[in-house]
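Listed here are the chains, written in short residue letters.
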Amino acid sequence: SYIQQAVTSTVYRFETVAILGTRLELMRGAVILFQEQPILGNGYLSTMYLAEQTDILVPAWRSFLRVHNAYLQFLAEGGVIGFLSYSYFTIYPIYRLWGSNFNNEKIYYAFLVAVLMIIVFSQSSTAYDRYSLAPLYMMVLGGSMGIVDNYSSKRSSNTTQTNFR
């Protein structure tokens, strides 16, 4: 399946020490870039060719790579404002799920695990802007918010009906 291939690919990338070293250097480059413009960032796609913009040690044939960490990429490209915006849209669904009172239902656990996986995969990828995964992320994050709102509205309407009786 597609998900199995994505997980296998990610695990393979972490098993290769040379690639991991390159990723750590790219992450260091993102921090350097963030320090130059911490409030508003350096702009979308400014993390492309980090090796040429900073003093990080990345092989020339890998110099085109981006950060491969969504949070650091948002810090470098969007500054604190972009980072807080992205964090809000990825962490708020977990807050809403955690604070909801329907945690005894199976759908709760499905959405909670899916949203947590998005946060975990964001540590090694920038899939939010990848055309193949961005719609999936939007559906999971939006679906988790929708299911909480739906459950909350049903619960409040049942409470209201009970009060009128």
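Residues numbered from 1 in each chain as written. Predicted model: local features only at pLDDT ≥ 70, side-chain atom pairs only at ≥ 80, totals over all residues. Heavy atoms only, no water.

A word on the environment of Met-145. Relative to the helices and strands, Met-145 resides in helix H6 (residues 134-164). Between the alpha carbons of Met-145 and Tyr-92 there is a distance of 8.7 Å; along the sequence they are 53 residues apart. Residue contacts for Met-145: discarding those within four places in its chain leaves Tyr-92, Pro-93 and Arg-96. (Helix = DSSP H or I, 4+ residues; strand = E, 2+ residues; numbered from the N terminus. Contact = heavy atoms within 4.5 Å.)

The next point concerns the packing of helix H4 (residues 70-99) against helix H5 (residues 106-121). Where H4 meets H5, the axes come as close as 10 Å, and the angle between the chain directions of the two elements is 165 degrees. Between H4 and H5, the interaxial angle falls into the category roughly antiparallel. Two packed elements cross with a definite hand, and for H4 against H5 that hand is left-handed. Two secondary-structure elements touch here, H4 through Tyr-71, Thr-90, Ile-91, Pro-93, Ile-94, Leu-97 and Trp-98 and H5 through Tyr-108, Phe-111, Leu-112, Val-115, Leu-116 and Ile-119. Among the residues forming the contact of H4 with H5, the class breakdown is 12 nonpolar, one polar and no charged. (Axes fitted to C-alpha atoms, helices over the stretch in contact; angles between N-to-C directions. Parallel < 35°, antiparallel > 145°, perpendicular 65-115°, else oblique. Left-handed = near helix turned anticlockwise from the far one by under 90°. Nonpolar A, V, L, I, M, F, W, Y, C, P; charged D, E, K, R; others polar.)

Quick look at the nonpolar core now. General note: in soluble globular proteins, nonpolar side chains tend to be found buried as a group. Counting 16 residues, the largest nonpolar core has Tyr-86, Ile-94, Leu-97, Leu-112, Val-115 and Ile-118 as its most contacted members. In this structure, Ile-118 is in contact with Tyr-137, Val-140 and Leu-141, ignoring residues within four places of it in sequence. (Core = buried A, V, L, I, M, F, W, Y, C linked by side-chain atoms within 4.5 Å. Buried < 20%, exposed > 50% of the residue type's maximum accessible area, 1.4 Å probe, protein only.)

The tally for this structure, following the rule as stated, stands at three salt bridges. One salt bridge connects Arg-28 with Glu-25, and the closest N-O pair in it is separated by 3.0 Å. In this pair, Arg-28 and Glu-25 both sit in helix H2 (residues 17-36), three residues apart, roughly one turn of the helix. Notably, a salt bridge pairs Asp-149 with Arg-96, separated by 2.5 Å at the nearest N-O pair. (Salt bridge = Lys/Arg side-chain N within 4 Å of Asp/Glu carboxyl O.)

A few words on the confidence of the model for the chain. Summary statistics for the chain give a mean pLDDT of 77 and a share of 75% for residues scoring 70 or more. In the model of the chain, helix H1 (residues 2-15) stands out as the element of lowest mean pLDDT, 63, in contrast to H4, which has the highest, 87. (pLDDT = per-residue confidence, 0-100.)

Another aspect to go through is a nonpolar patch on the surface. A grouping of Ile-39, Leu-40 and Ile-81 is seen on the molecular surface, where their side chains present a nonpolar patch of about 320 Å² in accessible area. The partly exposed category is assigned to Ile-81, whose relative accessible area is 48%. (Patch = residues over 30% accessible without salt bridge, like charges linked within 9 Å, V, L, I, M, F, W, Y side chains within 5 Å. Areas by Shrake-Rupley, 256 points an atom, 1.4 Å probe, with all protein chains shown as cover.)

A separate point is the packing of aromatic side chains. This model, assessed by the stated rule, comprises six aromatic pairs. With 5.2 Å between their ring centres and 80 degrees between their planes, Tyr-88 and Phe-89 make a pair best called edge-to-face. Under the relative-accessibility criterion, Phe-89 is labelled exposed at 56%. (Phe/Tyr/Trp six-rings, centres within 6.5 Å; stacked < 30°, edge-to-face > 60°.)

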